[in-house]
Amino acid sequence: MLALLPDNARGDITASDMRVIVTDLFNRDLITAQALDEALSGIEAATNAAASALASAEGAAQAASTAQSVAGAAVPNTPEGRAALANSVELSTAIAASTFRNAKIDGGAAGNGSTNDTAAIQSLVNALSTDGGGIILLPPGEYVIGGLTLKDDVQLASFAGAFGYQASNKGGVIFRAPTGFTGTMVTSAASRCGIQGVTFIGGGTALRGIDHTAGAWASYKVLNLGGFTGPSMRIAGVAHTVEDVLAYNSWSAAPTTTAGVIEVRGTDHYLHRVESSGSQSVLTSGSLYKAGIHIEGTNCFVSNCVGEFADIGIRVSGNTNRFTGTRADRNFGHGWHVIGAANLFSACHAVQNSKAATNTYDGFLIEAAYGNSFAACEAVIPGGSPQVHKYGFEDKSNNADPAFRTKFYGCESIGDGSGPFQVENWLGATVEVPRVPIRPSDGSTSVDVARSSLVILQGYTTPTVITQFTGGHSGREITLIGNANVTIQNNATIKTSTGANKVLAANLAYRFVHYNGVWYELG
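**Some points on unusual backbone geometry**
The backbone phi angle of asparagine 299 is positive, close to 55°, even though this residue is not glycine. Located in the positive-phi region is serine 354, a residue other than glycine, with phi close to 60°. Looking at the secondary structure, you find serine 354 in the loop between strand S24 (349–351) and strand S25 (364–366).

**Points about the nonpolar core**
Counting 71 residues, the largest nonpolar core has Ile121, Leu138, Leu156, Phe175, Phe200, Leu223 and Trp336 as its most contacted members. The greatest single-element share of this core, amounting to five residues, is contributed by helix H6 (residues 118–130). Setting aside residues up to four positions removed in sequence, phenylalanine 175 forms contacts with Leu138, Tyr143, Ile145, Leu156, Met185, Val198, Thr199, Phe200 and Ile201. Counting 16 residues, the second largest nonpolar core, distinct from the first, contains Leu457, Phe469, Ile478 and Val486.

**Overview of the pairing of strand S38 (residues 477–481)**
Buried residues dominate S38, accounting for four of its five residues. Of the strand pairs in this sheet, strand S35 (residues 454–456) and S38 are connected by three bridges, and their pairing is parallel. Looking across to S38, one finds that valine 455 is bridged to leucine 480. Across five bridges, the pairing between S38 and strand S42 (residues 509–515) is antiparallel. Across the sheet, residue glutamate 477 finds its bridge partner in S42, namely valine 513.

**Concerning the packing of aromatic side chains**
By convention here, two paired aromatic rings are described through the distance between centres and the angle between planes. Counted according to the given criterion, the structure contains 17 aromatic pairs. Between the aromatic rings of phenylalanine 175 and phenylalanine 200, the centroid separation amounts to 5.5 Å while the plane-to-plane angle is 70°, which identifies the pairing as edge-to-face. Highlighted residues: phenylalanine 175 in strand S7 (residues 173–176) and phenylalanine 200 in strand S9 (residues 194–201), separated in sequence by 25 residues. Ring geometry for phenylalanine 364 versus phenylalanine 374: centroids 5.8 Å apart, planes at 80°, classification edge-to-face. Residue phenylalanine 364 is located in strand S25, and its partner phenylalanine 374 is located in strand S26 (residues 373–375); the two are separated by ten residues in the primary sequence.

**With respect to the sheet that holds strand S33 (residues 437–438)**
Sheet architecture is open: six strands sit in the order S33-S35-S38-S42-S43-S40, paired in mixed fashion. Edge positions in the sheet fall to S33 and strand S40 (494–495), since each has one partner strand and no second. One ladder, built from two bridges, connects S40 with strand S43 (residues 518–521); its direction is parallel. From the neighbouring strand, isoleucine 494 faces S43, where its bridge partner is tryptophan 519.

**Quick word on the side chain of glutamate 394**
Of note, glutamate 394 is situated in strand S28 (residues 389–395). Of the side chains bearing the opposite charge, lysine 396 lies closest to the buried glutamate 394, which forms no salt bridge; the N-O distance is 4.2 Å. When near neighbours in sequence (up to four residues on either side) are disregarded, glutamate 394 contacts Asp362, Phe364, Leu365, Ile366 and Gln422.

**Some words on the pairing of strand S16 (residues 290–295)**
By the criterion of burial, S16 is predominantly enclosed, with six of the six residues buried. Relative to S16, strand S14 (residues 259–264) is paired through five bridges, and the arrangement is parallel. Pairing of valine 264 across the sheet is with isoleucine 295, part of S16. Pairing geometry for S16 and strand S19 (residues 312–316), over four bridges, is parallel. Each residue of the ladder has a partner; that of alanine 291, found in S19, is isoleucine 312.

**Considering the confidence of the model for the protein chain**
Overall, the predicted model of the protein chain reaches an average pLDDT of 85, with 79% of residues at or above 70. Scored below 50 in pLDDT, residues 1–16 shows 42 contacts in the model against residues more than four places distant or in partner chains. The model gives residues 85–96 a pLDDT under 50, and that stretch makes 30 contacts with residues more than four places away or in other chains.

Calculation notes
Position numbers for residues count from 1 along each chain, tracking the sequence in the order it is written. Whole-chain, interface and lining totals are the exception, using all residues; otherwise, since this is a predicted model, local features are given only for residues with pLDDT of at least 70 and side-chain atom pairs are given and counted only at 80 or more. No hydrogens and no water enter the side-chain calculation; it runs on all heavy atoms of the structure. A run of H or I in DSSP becomes a helix once it reaches four residues, and a run of E becomes a strand once it reaches two; helices and strands are each numbered from the N terminus. Put simply, a nonpolar core is a bunch of buried Ala, Val, Leu, Ile, Met, Phe, Trp, Tyr and Cys residues held in one set by side-chain atoms that sit within 4.5 Å of each other. Throughout this description, buried means an accessible area under 20% of the type-specific maximum (1.4 Å probe, protein chains only), exposed means over 50%, and partly exposed covers the range between. Throughout, a contact is declared for two residues whenever any of their heavy atoms are within 4.5 Å. Between any two strands, at least two bridges found by DSSP are needed for them to pair. A pair of aromatic rings is counted whenever rings of Phe, Tyr or Trp (Trp by its six-membered ring) have centres within 6.5 Å, and the orientation is called stacked for planes under 30 degrees apart, edge-to-face for over 60 and tilted otherwise. Counting rule applied: Lys, Arg positive; Asp, Glu negative; His and chain ends not counted. A carboxyl oxygen of Asp or Glu within 4 Å of a side-chain nitrogen of Lys or Arg is what we treat as a salt bridge. Known as pLDDT, the predictor's per-residue confidence is scaled from 0 to 100.

Below you can see the structure in the form of structure tokens.
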């Protein structure tokens, strides 16, 4: 087939031209579709053969040497040269050599758990970055790494499964800090780089697993990080992706300022399916410094993440971030602590928090912030739990401009000791409560309207004087369906439209609005 090429064609044919040649022959009707398929199948077979050769410990050095020579050499455009190129097992290796490197074969890394492989892999990183970038493939093994620096356009990748759980099994990859190492295992200020499919083990002495301080569009996926004296991971810069990551057992010494097992700074980052645990059994301090996840950055997208077993599950000090389907579970203080502004929370949860002391810490605590919105969020203490959270949602922020006040839409609290919501009087949050009807027990003089805005008083058979409505906050409205056996007392916290006690009429509706601790009847 290759003899169809003219012998006197100018120039040489490199290995990477092979696929182009056979496709061009077909396009010029010089070979049949069957011949094209056979040629491409032959190239594919060569690719598989090359991969098998590279995987063989016995032939690794020879295969690497051959691949290097083929990649760099030109084959004369003669019948003999074309035939040799077509039959070369190293064809696919030559094609891939400009993009991929093998940490063991090309870099000389041992991956045996005892040899320090930092310099070997760093050399590959440097070379690939200089040549325009590529991927360093990490064969299964345990690599001793401390102080590695990622550079532009270089990625380290293995074939480990989600969260790197495969690290201790066949096919897994571990990065272990050198004995006594106290620095950061991997640092970077680069762009378009990343790591995938690796378990990081800090050994209880390393400061951090990953510290990405600048750059843009880095990617960290399928990682497992633990055993550090500081955070497992800290990222800054612009538009990095952190996905399918498990972080735990960090901050072996309790932090003395706000901190997170995962810390996110900078802007426009993406966090998806990240689970970050403080791995603690008590509060580290009454100041609640340690969070599972600390979002300090702005304009980030956070979805389906979990912050757990920490002082605070998730702390948000940055602005204009968006959270979806994210949970703060089983923390010893508050579930969420929001001190940033203009963040959006949708379908987020706080589950079984305030573990250090019942009825002391909140599901969601919002303070020193403005313009945050919560939709369909829940604070939940499961039935049978020994503790309750204080408030499901406690909003300590306030603002004279209603546009900048916190807003709650369709949010719910289950298992609170002091109430579902606590807000700042008339300058505080807007809480929209579903118009779910409730029917107080016959003869109830105090009616809890914290979770409903429609009170059905029909059916009272005992003459009753209602003296208070509990669970309200400024701006809330309730509607009562009357009963002739019920009287609403005019007092310090309830003001009727007549200024006197009001006997209700059956089947009529009465509306009251709450303002600054008092319920006022709407005339």
